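Listed here are the chains, written in short residue letters.
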Amino acid sequence: MARKLAAGNWKMNGTQAALTEAQALTGMFPAPSVEILLCPPTTLVYAMAEALRGTAIHTGGQDCHAHANGAHTGDTSAELLADAGATHVILGHSERRADHGETDAIVRAKTQAAVAAGLVAIVCVGETLEQREAGETLDVVRAQLQGSLPDTIEADKIVIAYEPVWAIGTGKVPTLDQIGEVHADMRKALAGRFGDDAKMLPLLYGGSVKPTNAAEIFAVSDVDGALVGGASLKADDFSGIISALQ
Ligand code: PEP
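Residues numbered from 1 in each chain as written. Predicted model: local features only at pLDDT ≥ 70, side-chain atom pairs only at ≥ 80, totals over all residues.

Per an unreviewed UniProt entry, the recorded name for the protein is Triosephosphate isomerase, and the organism is Pacificibacter maritimus. Looking at the Subcellular location (unreviewed entry) heading of the UniProt record, one finds this comment for the protein: "Cytoplasm". Quoted verbatim from the Sequence similarities (unreviewed entry) heading of the UniProt record, the comment on the protein is "Belongs to the triosephosphate isomerase family." (UniProt positions renumbered as here; feature names shortened; annotations may be inferred.)

Engineer: Which parts of the structure should I look at to understand the overall build of the protein?
Structural biologist: Along the protein, the regular secondary structure elements total 10 helices and 8 strands. Rg of the C-alpha trace for the protein: 17 Å, near the compact-globule value of 18 Å for 246 residues, within the 12% margin. Principal-axis analysis of the C-alpha atoms places the extent of the protein at approximately 45 × 45 × 35 Å. Here the protein holds 246 residues, and 46% of them are scored as buried. Sequence separation of 24 or more characterises 72% of the internal contacts of the protein that already satisfy a separation of 6 or more. (Helix = DSSP H or I, 4+ residues; strand = E, 2+ residues; numbered from the N terminus. Rg over C-alpha atoms; globule rule 2.2 N^0.38 Å. Buried ≥ 20, exposed ≤ 12 C-beta atoms within 10 Å, placed from the backbone. Contact = placed C-beta atoms within 7 Å.)

Engineer: How do you make sense of the sheet that holds strand 5 (residues 120-125) when you look at a structure like this?
Structural biologist: Backbone hydrogen bonds are what pair the strands of a sheet, in a parallel or an antiparallel way. The sheet built from 8 strands closes into a barrel, its strands ordered 1-2-3-4-5-6-7-8 with parallel pairing. Between one strand axis and the next, the sheet turns by 25° as a mean value, whatever way the strands run. Where strand 1 (residues 5-9) meets strand 8 (residues 225-228), 4 bridges bridge the pair, whose relative direction is parallel. Counted as the bridge partner of Ala7 is Leu227 from strand 8. Packed onto the sheet, helix 2 (residues 42-51) meets strand 2 (35-39) and strand 3 (57-61) and runs at close to 155° relative to strand 3. (Pairing = 2+ DSSP bridges. Axes fitted to C-alpha atoms, helices over the stretch in contact; angles between N-to-C directions.)

Engineer: How should I be thinking about the UniProt feature "binding site: substrate" (unreviewed entry) in the protein in this particular structure?
Structural biologist: Under the present numbering, the feature "binding site: substrate" (unreviewed entry) in UniProt falls on Asn9, Trp10, Lys11, Gly169, Ser208, Gly229 and Gly230. Annotated residues spanning 222 residues; largest pairwise C-alpha distance 14.0 Å, indicating a single compact cluster. Mapped onto the fold, Trp10 is located in the loop between strand 1 and helix 1 (19-28). Taking the number of C-beta atoms within 10 Å as the measure of exposure, Trp10 has 21 and is therefore buried. Not counting the four nearest positions on each side in its chain, Trp10 is found in contact with Leu38, Cys39, Pro40, Pro41, Ser232 and Leu233. In this fold, Lys11 is placed in the loop between strand 1 and helix 1.

Engineer: Would you mind going over the packing of helix 7 (residues 137-148) against helix 8 (residues 176-194) with me for this structure?
Structural biologist: The geometry of a pair of packed helices is captured by two quantities: the angle between their axes and the separation between those axes. Running from N to C, helix 7 and helix 8 cross one another at 40°; their axes reach a closest spacing of 10 Å. One finds that helix 7 runs oblique with respect to helix 8. Handedness of the helix 7/helix 8 crossing: right-handed. From helix 7, Thr137, Leu138, Val141, Arg142 and Leu145 reach across to helix 8, where they touch Val182, Asp185, Met186 and Ala189. For the contact of helix 7 with helix 8, the residue count by class is 6 nonpolar, 1 polar and 2 charged. (Parallel < 35°, antiparallel > 145°, perpendicular 65-115°, else oblique. Left-handed = near helix turned anticlockwise from the far one by under 90°. Nonpolar A, V, L, I, M, F, W, Y, C, P; charged D, E, K, R; others polar.)

Engineer: How should the pairing of strand 3 be read in this particular structure?
Structural biologist: In the case of a regular strand, side chains alternate between the two sheet surfaces. Counting buried residues along strand 3, 5 of its 5 residues qualify, which places the element largely inside the surrounding structure. Residue alternation in strand 3 divides its side chains into two sets, Ile57, Thr59 and Gly61 and His58 and Gly60, and both sets are buried. Pairing geometry for strand 2 and strand 3, over 3 bridges, is parallel. When the bridges of strand 3 are listed, Leu38 appears paired with Thr59. Handedness of the crossover is the feature at issue here: the chain leaves strand 2, passes through helix 2, returns alongside strand 3, and the resulting connection is right-handed. Where strand 3 meets strand 4 (residues 88-91), 2 bridges bridge the pair, whose relative direction is parallel. Looking at the pairing, Gly60 lines up with His88 of strand 4. Chirality of the crossover, the property in question, places the unit of strand 3, helix 3 (residues 78-84) and strand 4 among those that are right-handed. (Right-handed = clockwise from strand over helix to strand, strands pointing away.)

If you want it as structure tokens, here you go:
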């Protein structure tokens, strides 16, 4: 069985004052039976990791550079994230792919760098609405998995998040059958790559997960958790999703 993970992606939201939301979660889940992760903006990674030190809640980044250091103004390497206290990093989010032209090859290089720095890489894949309507979903997701994962990577260093682009921040969610179909296909593709270890690799669903729909999504076979955007910003909302996963 794969470990279960509830991961929050704060995107470009959260000032110092928002750390109280992270602290509130620690009070609600002193000894959770699932992994909990918050990925704030880079400016808050150190402060959040410090605020959560000694608790069961992890801190992660939302992106990293493919190089460990050097002349890359404005970028943050996996090494720097790890030094700031991050344990995970989200890579290949569709907003990065769309806004920053990130290709599978770039995501692959970043994944390699993240793992080399000791971080768990949460690699995001997912189809656009056009691709779904053209019946291309499984092919697109398989190609992204193939292209975004380095050849030498080990299954226990990664998490995969299936995030249909059209479901992110829209309130639209695929049917449970559609989610189950993609997750089953991803597990199969990953088994071809990692063998039995693929069973241990967490497959998250992401896209408009709320406290109200989390339980039914988590009941879908091969869904091991969620990557949550909007509903991870407030402890009251995110706690409902975490409770549904426990
Ligand atoms: C995300 O940012 O990865 C995401 C899934 O966002 P939301 O939950 O707001 O749809």
